[in-house]
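# Summary of structural features
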Amino acid sequence: QLLLVESGGGLVQPGGSLSLSCAASGATLDYFAMGWFRQAPGKEREGVSCISSSGGRTNFADSVRGRFTISRDNAKNTVYLQMNNLKPEDTAIYYCAADLRPGDGLGCTVELEGSYSYWGQGSQVTVSS
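Residues numbered from 1 in each chain as written. Predicted model: local features only at pLDDT ≥ 70, side-chain atom pairs only at ≥ 80, totals over all residues. Heavy atoms only, no water.

## A short note on the pairing of strand 11 (residues 123-127)
Threshold: Here the term buried applies to any residue with accessible area under 20% of the maximum for its type, exposed to any over 50%, and partly exposed to those in between, with areas from a 1.4 Å probe on protein chains only. Put simply, DSSP H or I for four residues or longer makes a helix, DSSP E for two residues or longer makes a strand, and each gets a number counted from the N terminus. DSSP-based pairing: two strands are paired if at least 2 bridges between them are found.
Here strand 11 shows one buried face, formed by Ser123, Val125 and Val127, and one open face, formed by Gln124 and Thr126. Two strands pair when backbone bridges link them, and strand 9 (residues 92-100) and strand 11 are joined in this way by three bridges, in the antiparallel orientation. If you follow Ile93 over to strand 11, its bridge partner there is Gln124.

## Things to note about the side chain of Asp90
Our working rule: Whether two residues are in contact is decided by their heavy atoms, any of which lying within 4.5 Å being enough.
Here Asp90 shows up in the loop between strand 8 (78-83) and strand 9. Ignoring anything within four residues of it in the chain, the contact list for Asp90 reads Arg38, Val64, Arg67, Phe68, Asn85, Val125 and Val127.

## Quick look at the environment of Gly26
Tracing the sequence through the fold places Gly26 in the loop between strand 3 (18-25) and strand 4 (32-39). Among the residues examined, Gly26 registers a relative accessible area of 68% and is labelled exposed. Separated by 27 residues in the primary sequence, Gly26 and Ser53 place their C-alpha atoms 16 Å from one another.

## Let's talk about the environment of Ser7
Note on placement: Ser7 falls in strand 1 (residues 3-7). Not counting the four nearest positions on each side in its chain, Ser7 is found in contact with Ser19, Leu20, Ser21 and Ser123.

## A short note on the nonpolar core
Nonpolar side chains in soluble globular proteins tend to end up buried together. The cut-off we apply is this: Grouping buried Ala, Val, Leu, Ile, Met, Phe, Trp, Tyr and Cys residues that are joined through side-chain atoms within 4.5 Å yields what is termed a nonpolar core.
In terms of nonpolar packing, the biggest core is built from 29 residues, with Leu4, Met34, Trp36, Phe68, Leu81, Met83 and Tyr94 touching the most fellow members. Looking at this core, the elements that each hand over two or more residues are strand 3, strand 4, strand 5 (46-51), strand 7 (68-73), strand 8, strand 9 and strand 11. With sequence-adjacent residues up to four places away left out, Phe68 is seen in contact with Arg38, Val48, Phe60, Leu81, Gln82, Met83, Asn84, Leu86, Asp90 and Tyr94. Grouped together as the second largest cluster of nonpolar side chains are seven residues, Ala33, Ala97, Val110 and Tyr116 included.

As structure tokens, then:
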């Protein structure tokens, strides 16, 4: 059983930055592609970014490409999402998720939520003046 716990969310002004962390326990992340998803009130959850199991491949939603960076440290069993130049539209609950895709050759998906079997509890990010 894989447990994922997000942290680092909070309130930030437009143009500011936040860094989210996703700490895993119960299993190693070596064999999991990892994704970040977000859900704003009244809206469907959407994919934000993902990273392959060894970090060699990444994908980003068009809305965040160039502003967000995803990374991972498998030795620490942790995945990160660095969010820069934040906009009010980025306000959402951000979820970390794990997808059993061993090997960078399998890449990752930011579109198919069903590929992710394990989910964190979410961390609120609010971008407001």
